[in-house]
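Structural overview
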Amino acid sequence: PLGGVIARDEIYEAFAGGRGIEFFHGYTYSGHPLACAAGLAALDTYEEEGLFGKAAALETYFENSLHALKGLPHVVDCRNLGLIGAVELATRPGAAYGTRAFEAFEKCWDKGVFVRPVGEALAFCPPLIAEKKHLDELFGVVADVLKGTA
């Protein structure tokens, strides 16, 4: 694992009180050379395979495919930023919040497609290696599931 923390000064001061330069957390792998090497290797792979460029080239196709779900049963909103998107669903009357999205997630999973239920929305964030055919399958299954969801 490799990570970082960014915080506003007032939050940092509340925790650190000026006693150091980092949030003390005591993880045994902090700054571990293997984690750093893996992070650098990942950055090299992104560059060598042009993954950010591929993602940028797919952005409009993703957006159009996602927003094509507007008008399907129970769809309240579609939104995205780059290759991150969500379809917000209407809450089923008399049911707990998130029930409809979780049901759609389960049906998509049964059809071999993974979407994340987040509250009453389905979240999408395909890997940077995704191609148009993968998006076609993803959004095709989601559309079929939404058409059959009560």
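Residues numbered from 1 in each chain as written. Predicted model: local features only at pLDDT ≥ 70, side-chain atom pairs only at ≥ 80, totals over all residues. Heavy atoms only, no water.

As for the sheet that holds strand β3 (residues 116–118)
As summarised here, the arrangement of the four strands in space is β1-β2-β4-β3, forming an open sheet in which the pairing is antiparallel. Two strands lie at the open edges of the sheet, namely β1 (75–81) and β3, each paired on one side alone. Shown here is a sheet whose adjacent strand axes are inclined to one another by a mean of 25°, direction ignored. Two strands pair when backbone bridges link them, and β3 and strand β4 (residues 121–124) are joined in this way by three bridges, in the antiparallel orientation. Opposite P117, over in β4, you have L122 as the bridge partner. Running over the sheet, helix α5 (residues 132–147) touches β1, β2 (84–89) and β4 and is turned about 170° from β4. (Pairing = 2+ DSSP bridges. Helix = DSSP H or I, 4+ residues; strand = E, 2+ residues; numbered from the N terminus. Axes fitted to C-alpha atoms, helices over the stretch in contact; angles between N-to-C directions. Contact = heavy atoms within 4.5 Å.)

Overview of the pairing of β2
Sheet topology note: the β1/β2 ladder contains six bridges and is antiparallel. Residue pairing for β2: D77 is matched across the bridge by E88. Adjacent in sequence and paired antiparallel, β1 and β2 are bridged by two residues, among which G82 carries a positive phi angle near 60°.

With respect to a nonpolar patch on the surface
A cluster of nonpolar side chains, namely L40, L43, Y46 and F52, defines an oily patch on the protein surface of about 420 Å² accessible area. Looking at L40, the relative accessible area reads 56%, which means it is exposed. (Patch = residues over 30% accessible without salt bridge, like charges linked within 9 Å, V, L, I, M, F, W, Y side chains within 5 Å. Areas by Shrake-Rupley, 256 points an atom, 1.4 Å probe, with all protein chains shown as cover. Salt bridge = Lys/Arg side-chain N within 4 Å of Asp/Glu carboxyl O. Buried < 20%, exposed > 50% of the residue type's maximum accessible area, 1.4 Å probe, protein only.)

Here's the deal with the pattern of salt bridges
Counted by the stated rule, this structure contains six salt bridges. Here R92 and E103 are joined by a salt bridge, their closest N and O atoms 3.2 Å apart. Of this pair, R92 sits in the loop between β2 and α4 (99–110) while E103 sits in helix α4, and the two are 11 residues apart along the sequence. Where E131 meets K133, a salt bridge forms, and the shortest distance between an N and an O atom there is 3.9 Å. Assessed through its relative accessible area of 54%, K133 is described here as exposed. Via salt bridges that share partners, D77, R79 and E88 belong to a single interconnected network.

Examining the nonpolar core
Formed by 28 residues in total, the largest nonpolar core has its most connected members in L69, V115, L122, F124 and V142. Elements with a minimum of two residues in this core: α3 (51–67), β1, β2, α4, β4 and α5. In terms of residue count, α5 provides more of this core than any other element does, eight residues in total. Contact partners of V115, with chain neighbours within four places excluded, come to F105, C108, L122, A123, F124, L138 and V142. (Core = buried A, V, L, I, M, F, W, Y, C linked by side-chain atoms within 4.5 Å.)

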